[in-house]
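The lines below spell out each chain.
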Amino acid sequence: MRRKPIELAAVATAAVPGLTPTAVSSAPDDPADFDSALLLDSEGKRWRVRSPRHAEASARLETEFLVLRAFAPGIRAELPFLMPTVAGSVRLGTLSTFVYSHLAGSTRSVEELTAGPQALAREIGAALAAIHDLPRALVSNADLPSYTPNEFRQRRLNELDQAATTGKIPPALLLRWEHAMEDVSLWRFNPCVVHGDLHEDNILVEGQRVTAVTGWTDLRIGDPADDFAWLVASNEQDFVDAVLAGYTASRRDTPDNHLLRRAALSAEFALAQYLVKGIAAGDPAMVAEAESMLETLANDIAEHGGQPISVEPQPTAGTAPGAGVSDGGPGPGAAPVTVLPVPAQPAVEVVPVPVKPAVEVVPVPVQPAVHVTPIPAEPEQAAGGKQHSPKAADDTSTAALPIIDARQS
């Protein structure tokens, strides 16, 4: 059951002793996984509350708490943006809700970002570079996932096999994605620290500057292209090029040549992951939305060709998926082929290879902020006070945070 912002305000008072909310509004977040709210307290300070909707989302928040604790003050000081600080948490049944100190800046839609100045695009690129240049020990010491390029490619293939078993993926997309995932030349990259859930709602902006990055629930060592997927999905090439320029100028390592191809693949494949997630959750509306987006994508690719994702030419229609593709790619002397649209309805049954499924949680469409709902307060606790300074969030201490069992209160 979804929690209303005013209910989250009540939860926050249990998580942070002495917190007295005077106003509350909902906050953008992944609606399938979290309920979120922004609070204003009696001293004029702002707070963010994130409450999980199921056990998997709760585990992600607990992982984020470990991640944020691993960012020592010295590491945070070197980043060009601020990070959240956990102020407290409370357990409701088996789920943990967390309260974070507020960070300066606000979220902007993709349309607002792409229409903004190139200086902001370069700032986003520099922020991405700072994340990808983080020491890998930060992830390994926290026992977070780490993948080599081949392990990551095989994981994607496993997810593709599971998505195919739903029978709801257009066969043209299955053929397109399988060819790209089996094209080993596409997957030659240097693994690095990856945010894992980067999109417009996890980037706070003020003017032409990125002030903070949030949503650290999926930190891992893997493919840096995953953090570019939301950018490529915007279909604004000038914006993507400006971000990539800022990224390349700021990174210690030179980005690989196929970064944007894998990012485009990740953006497309996210729709299949969303479908699988909806089926697993038993959410008909989510499944219907995923099917509609997949059909639209298939039609767009059939009509316009789509963004390039494979390095090697895709086989012609009628060639069995995977035929002629090996770990070394097409044999010597193989002639280029013309990509033809695959009929919307399959002529043959797609039979996946039985593998152990591995479903990755991906970002899902978010809901916009809603109106501010005042919280009843004592007369002497009226809202007010000056705005919280961004530097107020620099307090990175997370030791001995109170964890209160709401059932005992």
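Our structure is the block above this text.
If you're wondering where the values come from, they're calculated on a predicted model, not measured in any experiment.

K.L.:
Where do I start with the packing of helix H11 (residues 259-281) against helix H12 (residues 284-304) in this structure?
P.N.:
Each pair of packed helices can be summarised by the angle the axes make with each other and by the distance between the axes. Remark: H11 packs on H12, axes separated minimally by 8 Å, with the N-to-C direction vectors making an angle of 155 degrees. Relative to H12, H11 is oriented roughly antiparallel. Read as a crossing pair, H11 and H12 show a hand that is left-handed. Every residue of H12 that contacts H11 at Glu268, Leu271, Ala272, Tyr274, Leu275, Lys277, Gly278 and Ile279 is listed here: Met286, Val287, Glu289, Ala290, Glu291, Met293, Leu294, Leu297 and Ile301.

K.L.:
So what exactly am I meant to see when it comes to H12 here?
P.N.:
Along an α-helix, residues three or four positions apart point the same way, because every turn accommodates 3.6 residues. Taking 1.5 Å of rise per residue, 21 residues should cover 30 Å, and H12 covers 30 Å from first to last C-alpha, within 8% of that figure. Within H12 the residues assigned to the buried category are Met286, Val287, Ala290, Leu294, Leu297, Ala298 and Ile301. Projected onto a plane normal to the axis of H12, the buried residues spread over an arc of 105 degrees and lie on a single side. Turned more than 90 degrees away from the buried face of H12 sit Pro284, Ala285, Glu303 and His304, all of them exposed. Its buried side turned inward, H12 meets helix H8 (171-182) and H11. By the N-cap criterion, in which a side-chain oxygen at the helix start approaches the backbone nitrogen of a residue two or three places on, H12 is capped by Asp283, the distance to Ala285 being 3.2 Å. The positive-phi residue at the C-terminal boundary of H12 is Gly305, with phi of around 95 degrees.

K.L.:
Looking at this structure, how should I read the packing of aromatic side chains?
P.N.:
Two measures describe an aromatic ring pair: the distance that separates the ring centres and the angle between the ring planes. Tallied over the entire structure, the rule returns seven aromatic pairs. An angle of 85 degrees between the planes, with centres 5.4 Å apart, marks the rings of Trp177 and Phe269 as edge-to-face. Placement of the pair is Trp177 in helix H8 and Phe269 in helix H11, with a sequence separation of 92 residues. Since its relative accessible area comes to 1%, Phe269 is described here as buried. Each residue in the set Phe71, Phe81 and Trp216 is aromatic and connected to the rest through ring pairs, giving one cluster.

K.L.:
For this particular structure, what's the right way to read unusual backbone geometry?
P.N.:
Negative phi characterises most residues that are not glycine, and trans characterises most peptide bonds. Positive phi, close to 55 degrees, is recorded for Asp143, a residue that is not glycine. Summarising the element assignment, Asp143 is placed in the loop between helix H6 (137-140) and helix H7 (149-164). For Asp143, a relative accessible area of 69% gives the class exposed. Positive phi values are uncommon outside glycine, yet Asn235 reaches one of about 60 degrees. Mapped onto the elements, Asn235 comes out in the loop between helix H9 (229-232) and helix H10 (237-250). Asn235 sits in the exposed class, given a relative accessible area of 59%.

K.L.:
I keep staring at the side chain of Asp133 and nothing clicks. Help me out?
P.N.:
Looking at the element boundaries, Asp133 is found in the loop between helix H5 (118-132) and H6. For Asp133, the contacting residues outside a window of four places in its chain are Ser250, Arg251 and Arg252.

K.L.:
Any chance you could explain the pairing of strand E7 (residues 203-206) here in plain terms?
P.N.:
For a regular strand, the rule is simple: side chains alternate between the two faces of the sheet. Across four bridges, E7 lies against strand E8 (residues 209-213) in antiparallel orientation. Bridging from a neighbouring strand, Leu204 pairs with Ala212 of E8. Hairpin remark: E7 followed by E8, antiparallel, with two residues in the connecting loop; positive phi at Gly207, about 70 degrees.

K.L.:
What exactly am I supposed to notice about the nonpolar core here?
P.N.:
Grouped burial of nonpolar side chains is what soluble globular proteins tend to show. Phe71, Phe81, Ile124, Ile169, Trp177 and Trp216 are the most contacted members of the largest nonpolar core, which has 79 residues in total. Top element by residues in this core is H11. It accounts for ten residues. Split by domain, the residues of this core number at least three in each of domain 1 (5-101) and domain 2 (110-304). Counting 14 residues, the second largest nonpolar core, distinct from the first, contains Val16, Leu39, Val90 and Val99.

K.L.:
Would you explain the packing of H7 against H11 in this entry?
P.N.:
Look at H7 against H11: their axes get within 10 Å of each other, and the N-to-C directions meet at 50 degrees. In terms of orientation, H7 and H11 fall into the oblique class. Seen from above, H7 lies across H11 with left-handed handedness. Together, Arg156, Glu159, Leu160, Gln162 and Ala163 of H7 and Ser266, Phe269, Ala272, Gln273 and Val276 of H11 make up the contact between the two elements.

Calculation rules
- Residues numbered from 1 in each chain as written.
- Predicted model: local features only at pLDDT ≥ 70, side-chain atom pairs only at ≥ 80, totals over all residues.
- Heavy atoms only, no water.
- Axes fitted to C-alpha atoms, helices over the stretch in contact; angles between N-to-C directions.
- Helix = DSSP H or I, 4+ residues; strand = E, 2+ residues; numbered from the N terminus.
- Parallel < 35°, antiparallel > 145°, perpendicular 65-115°, else oblique.
- Left-handed = near helix turned anticlockwise from the far one by under 90°.
- Contact = heavy atoms within 4.5 Å.
- Expected span 1.5 Å × (residues − 1).
- Buried < 20%, exposed > 50% of the residue type's maximum accessible area, 1.4 Å probe, protein only.
- Arc of directions from axis to C-beta.
- Polar contact = N/O pair within 3.5 Å; in protein donor to acceptor, adjacent residues only side chain to side chain.
- Phe/Tyr/Trp six-rings, centres within 6.5 Å; stacked < 30°, edge-to-face > 60°.
- Pairing = 2+ DSSP bridges.
- Core = buried A, V, L, I, M, F, W, Y, C linked by side-chain atoms within 4.5 Å.
- Domains from an automatic or database assignment.

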